[in-house]
Amino acid sequence: MGESLPRVHGGAQQHSDTLRRPVHTLRVKMVLLGSSGVGKSSLALRFSKDEFRSTSPTVGCAYLTQVVHLSNATLRFEIWDTAGQEKYHSVTPLYYRGAHVALLVYDITQRETFVRAQVWLKELEKQYIPGSTVIWLVGNKGDLAHDRQVPLEEGESLASNKGLYFIETSALSGEQVNELLQSVAHRVFECIGAQQGGLTEWQETPTVDLRHKDSFNLFASCCKVGP
Amino acid sequence: MKVSVDIRHSVQHGDGTKPDWDGIMETANHQEGEAAAVKIGDSPLESNQPADSLAASFSLLENHMFPDPVESNGSAAVSRIEPVNSQPPDVSAEHLGLDEKPPSDQVMKLDPEKTKTECQNDVSMQPADGTTEDDATDNDQSDSGEFVVTMLAKAKLEEQGIGVKGRSSPLLEAGTQESSSFTSHRDEDVTADSWRQHRKHVFVLSEAGKPIYSRYGSEEALSSTMGVMMALVSFVQSGDNIIRSVYSDEHTVVFLQKGPLVLVCVSSSRQSEQQLQGELLYVYYQIISMLTQASISRIFEHKKNYDLRRLLAGSEKILDGLLNLVDSDPSFLLSAVHCLPLASSLRDSLSQILQKAITPNLVFSILIAKNQLLTIVQEKTVIEDSRLEPADVHLLLNLIGASSAFQAGEIWTPICLPLFNPDCYFYAYISYLDPPECTVCLLLLSTDKEAFYSVAECKRKIEEAMMAQNSLSLIAKAGTYSVSQVGVSDLRHFMYKPFDVPDNYRQLTQFTSPEMEAPYSSEEEKMRLLDLYRYMHGRIHSTSRPLKLIYHVAERETLLAWVTSKFELYTCFSPLVTKACAITAITKLLRWIKKEEDRLFIRYPPKYSTTPNPSKSSRGGKSDQQDSTDNGFLSLL
Ligand SMILES: Nc1nc2c(ncn2[C@@H]2O[C@H](COP(=O)(O)OP(=O)(O)O)[C@@H](O)[C@H]2O)c(=O)[nH]1
Ligand SMILES: [Mg+2]
């Protein structure tokens, strides 16, 4: 599956909100999942600001946005970066329900994060309706290849066995990060955009979208603690 | 090694059953001689045995943490000489009232009348407790008599060598160390000297002795140390006593048990027990703010030896940040909030902006710049006649400061305000208004966990209104003020905390303080001044002999602390100031503060009504709880 990564074609560009075009803007909910410390927040920051900063562990959930222009649509990514802490874990199923995209992130230098990613996947499989969520397996910290504990092939084969997309990135160097977002944009638009009610349109001031019942019920969740 | 242990009976005594602390003290003193002294609640007869074992356990603890041979064979002579040596003679005088102690008392704790149970904490919620002072502003005269005593006390104090001024060198070391090794405490080698030399260690463990948090070094590496601590605690618990503090030559060990958590502070900072206990309480509250008290209790009821680190994973930095703030920010010492000085017209316009951007179940809107409060607007009914407690605000500010991740986007996170309600969550929306500088932060608290999008919409309204009024650039110009504005040449710094601003209007306790300027511009000197303030504060709030006024002539400065029914004031003068000058200066200062009041404090915090759905109110059974809010606060803190 790794080989079949959708390539970015010339027409796709990534811009900040200012360069919005008069085409439909569709909302895409993307959630980052994975063990603490694998680089979810760093990736999210790359996606939205193309920056790398040393971040502190995430508290609760961080919400970031980025607009991606495709040739025939504009996608407004609403990126949810979770804390990935156990105190939020018991409730995460609620959180990723209704997301269009899930990035399952692991750290290529920490084998147990790869194992954890598979646990996340199992939970995700319990929740998502096939076809409604595009799942990417993301091996991050590609710049630390010398400390690699998870071979590229292993990531690839897990992805192809499970029918996921796969990529290795480095939030630090920025390598493959933009490519990832572009690929996600294309893939989401292809898979979900065409579906009836797959993606909702974004308005300048989005009305509170709570009637959209099965979408994103993160907040029912973020918040209870249980052992 | 000298050790003294202070134990309190967990059963609170009524006034009638005041134990004879002094008698106990004496007994312990004689019995333990040079080895150890134990203060224990209740029966003096029983104190003997625990004293021995406790002293032994404590030696063990000290050996665990500080296995320095010099210290462990250290005789009394060592302990007496040390402070005297480290202090240049003839440099200090202080108004000590009748509170003199013989030199050997340094290792003994002689302020035993802590039977006032509400005084578990230094935090100065009660103005000069018990000592009702005549009206404040005009008693320069009456108090000036006390200055005379100062001179009399001078000689004694020199012998005594108490206070922090002579200890500058160890403090300096600790100060620099702390700032330089800020980032990687977790990996520290706990057997290294540098680890031992940290000025203040803080540990959190579960009742079952499981490590939960250590300020320096990883909890695993310290599990045996924590084990010894726990042994101490459970030993004392078995006798229905609660261990409170242990004193040795070099260290004060303070214990605080809150529910299933035991917090321990090992400090060489010479702070008072109450102050250290107050700091431990902040640590406890910060943990509560992340997990709630109810869920912590539930967890440990379920499973006694649960590893709470699983839930706190990733939150250590928040606790680290809190402890650094506690050491460096006097807000915690004063339990008051520092707001950014701002023209009242600007502050009012900001408040109005917040007041207009509301959504159902929004309960607090808080604007912060440079880590200080700009304004705070609250919902009418939620906090009808209770106010947001400073400690809750401190926790919020620390949360914002400790997580740079906040700067990356909009945050939505559950957060408990332990003093408001320790068992419920609020949902905090946090976002910076001035990226990429990220100095102006908006914090919106809702009781509705689903309200993210509507609360985020409030932010956009606020952003727009601030844009229209050019607020950001006005805020950017605001900042701390210089003490020179007061126009008193010898005055170097001060901290002023009114008990009610203004006119008995019950609201958030605040204090004002100028920037620390030369000679207190370096981190070391800042810390030294803060230590002097902490020392003065400790004396003012001493439970054994609270003082209303202290005139303290130190080596490099002269300090004056004064507490009245209306305010608490700490001032720092150049060393050459005379008493008369100091008095005049303070009169001038008070006049200046009065004049600047509108700029220095949030004076009339507005409210809004978002008619929260009562079922969603974070305060739950509000009506039953509201009455007890105040008492609850006092007994908790
Ligand atoms: N070398 C390297 N470090 C990274 C990379 N991404 C993140 N990090 C670092 O890994 C740590 C954890 O990153 P963070 O984004 O907070 O992880 P999260 O807990 O998954 O959100 C931080 O110290 C980052 O600086 C990367 O691609 N390469
Ligand atoms: Mg993160």
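The rules behind these values
- Residues numbered from 1 in each chain as written.
- Chains lettered and ligands numbered in written order.
- Predicted model: local features only at pLDDT ≥ 70, side-chain atom pairs only at ≥ 80, totals over all residues.
- Heavy atoms only, no water.
- UniProt positions renumbered as here; feature names shortened; annotations may be inferred.
- Near = heavy atom within 4 Å.
- Polar contact = N/O pair within 3.5 Å; in protein donor to acceptor, adjacent residues only side chain to side chain.
- Areas by Shrake-Rupley, 256 points an atom, 1.4 Å probe, with all protein chains shown as cover.
- Helix = DSSP H or I, 4+ residues; strand = E, 2+ residues; numbered from the N terminus.
- Nonpolar A, V, L, I, M, F, W, Y, C, P; charged D, E, K, R; others polar.
- Domains from an automatic or database assignment.
- Contact = heavy atoms within 4.5 Å.
- Buried area = accessible area lost by both parts, 1.4 Å probe.
- Salt bridge = Lys/Arg side-chain N within 4 Å of Asp/Glu carboxyl O.
- Phe/Tyr/Trp six-rings, centres within 6.5 Å; stacked < 30°, edge-to-face > 60°.
- Lys NZ or Arg CZ within 6 Å of the ring centre and 35° of its normal.
- Core = buried A, V, L, I, M, F, W, Y, C linked by side-chain atoms within 4.5 Å.
- Buried < 20%, exposed > 50% of the residue type's maximum accessible area, 1.4 Å probe, protein only.
- Pairing = 2+ DSSP bridges.
- pLDDT = per-residue confidence, 0-100.

Under an unreviewed UniProt entry, the name given to chain B is Vacuolar fusion protein MON1 homolog, and the organism recorded is Oreochromis niloticus. Annotation of chain B in UniProt includes, under Sequence similarities (unreviewed entry), the sentence "Belongs to the MON1/SAND family." In the Function (unreviewed entry) part of its UniProt record, chain B is described as follows: "Plays an important role in membrane trafficking through the secretory apparatus."

Under an unreviewed UniProt entry, the name given to chain A is RAB17, member RAS onco family, and the source organism is Oreochromis niloticus. Note on chain A: under the UniProt heading Sequence similarities (unreviewed entry), the record states "Belongs to the small GTPase superfamily. Rab family."

Take the site of ligand 1 next. Residue and element names in this part refer to chain A. The local shell around ligand 1 holds 17 residues, among which G37, K40, S42, D143 and A171 are the closest. Interatomic distance of 2.7 Å between a backbone N/O atom of G37 and an oxygen atom of ligand 1. The backbone of L172 places a nitrogen or oxygen atom 3.1 Å from an oxygen atom of ligand 1. Protein contacts shield 84% of the accessible area of ligand 1, which totals 580 Å² for the unbound molecule. With 3 residues, the single largest contributor to the shell around ligand 1 is helix α1 (residues 40-49). Split into classes, the residues belonging to the shell around ligand 1 amount to 5 nonpolar, 9 polar and 3 charged.

Residues and elements named next belong to chain B. When its domains are assigned, chain B resolves into domain 1 (2-328), domain 2 (337-384 + 392-479 + 606-613) and domain 3 (483-600). Tallying the contact residues gives 15 residues for domain 1 and 13 residues for domain 2. Taking both partners together, domain 1 and domain 2 bury about 1,200 Å²; carbon and sulfur atoms supply 64% of that area. Interface area lost by domain 1 to domain 2 is led by Y285, S289 and T292, which between them contribute 37%. Where domain 1 touches domain 2, the interface holds 0 salt bridges. Our count for the contact surface shared by domain 1 and domain 2 stands at 7 residue pairs in polar contact (both at pLDDT 80 or more). Mapped by element, the contributors of at least two residues to the side of domain 1 that touches domain 2 are α9 (273-291), α10 (293-302) and α12 (316-328). Of all the elements, α9 adds the most residues to the side of domain 1 that touches domain 2, at 7 residues. Of the residues in the side of domain 1 that touches domain 2, the class split is 9 nonpolar, 5 polar and 1 charged.

In total, this model carries 22 aromatic pairs over all chains according to the counting rule given. For the pair Y496 of chain B and F567 of chain B, a centre-to-centre distance of 5.4 Å together with 35° between the ring planes defines the contact as tilted. Remark: F567 of chain B occurs in strand β19 (residues 567-573) and Y496 of chain B occurs in strand β15 (residues 491-498); sequence separation between them is 71 residues. The ring of Y453 of chain B has R27 of chain A lying over it, and the distance from NZ or CZ to the ring centre is 5.6 Å. Geometry around Y481 of chain B places R599 of chain B over its ring, the cationic atom sitting 5.8 Å from the centre.

As a further point, take the nonpolar core. Among the nonpolar cores identified, the biggest contains 133 residues, and F47, F77 and L103 of chain A together with L308 and L373 of chain B are the most heavily contacted of them. The element contributing the most residues to this core is α9 of chain B, with 11 residues. Apart from the residues within four sequence positions on either side, F77 of chain A is in contact with V28, M30, L64, T65, Q66, V68, L181, V184 and A185 of chain A. Membership of the second largest hydrophobic core comes to 24 residues, among which are V483, F494, A582 and A585 of chain B.

Before going further, it helps to spend a moment on the pairing of strand β8 (residues 261-267) of chain B. Regular strands place their side chains on alternate faces of the sheet. All names here are of chain B. A large share of β8 lies buried, amounting to 7 of its 7 residues. Residues L261, L263, C265 and S267 point to one face of β8 and V262, V264 and V266 to the other, with burial holding for every one of them. Of the strand pairs in this sheet, strand β7 (residues 252-258) and β8 are connected by 7 bridges, and their pairing is antiparallel. Its bridge partner lying in β8, L256 is registered against L263. In sequence, β7 turns back onto β8 through a hairpin of 2 residues, with G259 there showing a positive phi of about 55°.

As a further point, take the pattern of salt bridges. All names here are of chain B. As enumerated under the stated definition, the model contains 26 salt bridges over all chains in all. K526 is the salt-bridge partner of E523, the closest N and O atoms lying 3.9 Å from each other. Note that E523 and K526 are positioned in helix α18 (residues 523-540) at a spacing of 3 residues, about one turn of the helix. The exposure class of K526 is partly exposed, given its relative accessible area of 25%. Of the charged contacts in the structure, one is a salt bridge between R534 and D531, with a shortest N-O distance of 3.3 Å. Residue R534 and its partner D531 are located together in helix α18, separated by 3 residues, close to a single helical turn. By the burial criterion, R534 is buried, and D531 matches it. Three or more residues joined by partner-sharing salt bridges are found here, namely K200, R215, E279 and D327.

With that settled, the discussion passes to the confidence of the model for chain A. All names here are of chain A. Looking at chain A as a whole, its pLDDT mean stands at 77, while 68% of the residues score no less than 70. By mean pLDDT, strand β1 (residues 13-15) is the weakest element of chain A at 47, and strand β7 (residues 165-168) is the strongest at 97. Counting interchain partners and residues more than four positions distant, the pLDDT-below-50 stretch residues 1-21 has 47 contacts. In this model, residues 206-227 is a region of pLDDT below 50 whose contacts with residues beyond four sequence positions or in other chains number 64 contacts.

With that settled, consider the environment of S331 of chain B. Residue and element names in this part refer to chain B. As for its placement among the helices and strands, S331 is situated in helix α13 (residues 330-334). Given the relative accessible area of 3%, S331 is considered buried. With 83 residues separating them along the chain, S331 and P414 place their C-alpha atoms 24 Å apart. With near-sequence residues (within four places) excluded, S331 lies in contact with Y282, A336, H338, H394 and F511. Polar contacts involving the side chain of S331 include one to the side chain of D329, which spans 2.6 Å.

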